[in-house]
Amino acid sequence: MFHEMKNSQYTFIKKPSKFEILNVSEIWFYKDLIYSLLIKDIKVRYAQSVLGIGWAVIQPLFFMVVFTLIFSKLAKISTDGQPAQVFYYTALVPWTYFSSGLIDSTGSLIQNSGMMTKVYFPRIILPFVSVLSKLPDLIIASTIVAILMVWFSITPSIYIILIPFLILIMVLFSFGLGAFFSALAIQYRDIKYGITFLTQVLMFATPIAYPTSLIPKNLQWVYALNPMVGVIEGIRSCLLQTREIPLDLILIGLAVSIATSFVGIIYFNRCEATFADVA
Amino acid sequence: MNTAISSNKLGKIYQIGARQELSSTFVETLTKQITKPLRNLKNIRQLSKNSNSSSNSYIWALKDINFDINQGEVVGIIGPNGAGKSTLLKILSRITYPTEGYVKIKGRVSSLLEVGTGFHPELTGRENVYLNGTVLGMTRKEVSNKFDEIIEFSGVETFIDTPVKRYSSGMQVRLAFAVAAHLEPEILLVDEVLAVGDAEFQKRCIGKMKDTANAGKTVIFVSHNMTSISRLCDRAILLNNGNLIEDGLSSEVISHYLHKPDSGKNSRIWEMNNAPGQEGVKLLSVELESNEDSEHVWLNSTSPIKIKINYHVSKPSLKMRCAAMVFTQGICAFSTFEPKEREHTQQGNYQAQVEIPSNLLIEGEHSINISIFGSKGHKLRYVDYKDALGFHIKDKIDGTSSRGDYTQNVMGIVHPLLKWSSIYTYE
């Protein structure tokens, strides 16, 4: 990769400055490494398993069945007038993406510490790759959404074109949080265990098992500070036409995601210099 | 000459016991954060006093290191354990950052520390070659271009689409090394001290290093093996306790490192009042003399070496003999002593000489123990001095030494020139 550098170019090795934003051109240098690591993550995840990538579908599918039985049939919580299966599954797919992306990116530095103590590359690649490598799972799990919609004869709205944008918010948010927590976790292993717990708590602060309409109108903006609220409400609105597209919730979520990524990256870069020493 | 590496006031500080002091749980950190203002106040107040107590918990792994290395130079880095050699390599390979100063590097850096980095047991050999190659800084295209060569070099063609976890460990190392051998760095860092793997693997590392050096690339080589350093490097940098002690011709730096009191002279002289010895005998000096290369610290394996022992006798009519023991690689290669005790009738200075024939000692580091002893009913040691003198034998590999035209490592602690003959015995 360095062969692309001009001959006159020097690398300076010195103490990094305290506030450093992403060095995009350097990360671009390492695009082939990002690609290789992505391939590795994806291939290794379901290596030597019978169902292979089928596991990407099983987890949300299983929770859909449980939620349908408990929250819809027993507790009789509203599903905004939609079939419970579709209502839960459309939320469980993005949630599974978010939580697995967050947990994996938090552990990404610890998992790759052997590499970090031997070779240089921009470390921010690691949490980034963890978040990206969950996208194939998301896509495969989404095929079941299409099947369910055909089964229940649901027509999506034209806003379905917004879904890639909603996914982007989700990627940004999980990457920002992941970068922040991975930098903490390399020093304090508590974080690695705590993050599983945190995602479980966050799940209840996200409209998965219940509709957003249960939250009082004047408090919804607070609720939307969790970007997953805007994402999941948006997806449901696009696909199931449960409501008008919740632009306000989505935009709040976008703002929080961008802020989270910023804080995450800055904190990560501040800690980066000591990773090899504390790992 | 173009500068490849330029180090400027480079320093790296480590906290002693840092791992214990870093809070290991989050709660501990939180409590520490809450009480932090108190400790800050304490620290700041200490600044105005003699802050010995707080400065004790830090160690400078490297301090004020300045050097320039030109493109194409082969430089050895030597020093005792904990001198900062590996820290320097870690900074050069950007694994860790300096606390102060900077290094300016021109060109792509690779280190043979990285062999097999990123290998994943679940992936096939093919996938691992790509992964490892990109981890080491190649593009996927570069790996593709060299893929066939890499596989051929590794000798694992048949298993290339099998997960690496099914490989024998030898196959894994061969595949990993094949990738590293096809890197084309402009600067190669080799840490023999940290190199894991068997002798075969280390030999390959040295081989790769030689190729890189011969191609006119810059090589930095960390080793405890002075023979390798002297044979491979023209220049050496001596580190000790994080300081750069000496930077110069490898022969001179090595002799300095080996604690020769009079560098370059192959001799050691004691002052009369602290000279070793007892019962009326004192060792004054030990000298080595070789009939060529007298200005060099090296002694050539092809020349005989004279050991001269100068001593003072202050009691009349003592009977004794001088002895020298040559130690090689920590083992006594041989002892030699005067065949008969001599009577020293007069007080004064004496000299005993012995000649080690040419083509006897093996290339590398040696040290001599000197003793002077006699028997007066029982054995009496007048002088018994360990490591009186260290010296270095160099094999110029010009065909006249015991090794002939063989250039690889030679086993053993002596390497005598012996006569070989052969005849045709069939039919």
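Conventions used here
Residues numbered from 1 in each chain as written. Chains lettered and ligands numbered in written order. Predicted model: local features only at pLDDT ≥ 70, side-chain atom pairs only at ≥ 80, totals over all residues. Helix = DSSP H or I, 4+ residues; strand = E, 2+ residues; numbered from the N terminus. Expected span 1.5 Å × (residues − 1). Bend = angle between axes of the 7 residues up to and from the residue. Buried ≥ 20, exposed ≤ 12 C-beta atoms within 10 Å, placed from the backbone. Contact = placed C-beta atoms within 7 Å. Pairing = 2+ DSSP bridges. Axes fitted to C-alpha atoms, helices over the stretch in contact; angles between N-to-C directions. Domains from an automatic or database assignment. Nonpolar A, V, L, I, M, F, W, Y, C, P; charged D, E, K, R; others polar.

Enquirer: Run through helix H3 (residues 55-74) of chain A, naming residues and quoting values.
Expert: All names here are of chain A. Between its first and last C-alpha, H3 extends 27 Å over 20 residues, near the 28 Å set by a 1.5 Å rise per residue. At Phe67, H3 shows its largest bend, some 30°. Three or more residues of H3 are buried, namely Ala56, Pro60, Met64 and Phe67. Buried residues belonging to H3 abut helix H4 (84-111) and helix H7 (135-151). Lys76 sits one or two residues past H3 and shows a positive phi near 55°.

Enquirer: Describe the pairing of strand S15 (residues 331-337) of chain B, with residues and values.
Expert: On a regular strand, one side chain projects to one face of the sheet and the next to the other, so that they alternate. Residues and elements named next belong to chain B. The pairing of strand S14 (residues 318-328) with S15 spans six bridges and is classified as antiparallel. Note on S15: the bridge partner recorded for Ala324 is Thr336. Linkage of S14 to S15, two consecutive antiparallel strands, is achieved through a turn of two residues, within which Gln329 is found at a positive phi near 50°.

Enquirer: Please provide a residue-by-residue account of the sheet that holds strand S6 (residues 187-191) of chain B, values included.
Expert: Residue and element names in this part refer to chain B. With respect to topology, six strands assemble into an open sheet ordered S5-S6-S7-S3-S8-S9, the strand pairing being mixed. The open sheet has two free edges, formed respectively by strand S5 (109-111) and strand S9 (243-249), since each of these has just one partner strand. Mean inter-strand twist for the sheet, computed between neighbouring axes without regard to direction, equals 20°. Pairing of strand S8 (residues 235-240) with S9 involves six bridges; the strand directions are antiparallel.

Enquirer: Report on the domain arrangement of chain B, specifying residues and quantitative values.
Expert: All names here are of chain B. Here chain B is partitioned into domain 1 (63-257) and domain 2 (267-394). A C-alpha centroid distance of 42 Å is found between domain 1 and domain 2. The partner domain 2 presents eight residues to the seven residues of domain 1 that form the contact. Those elements that provide at least two residues to the side of domain 1 that touches domain 2 are helix H9 (226-232) and helix H10 (250-257). Here the element with the most residues in the side of domain 1 that touches domain 2 is H10; it accounts for four residues. Among the residues forming the side of domain 1 that touches domain 2, the class breakdown is two nonpolar, four polar and one charged.

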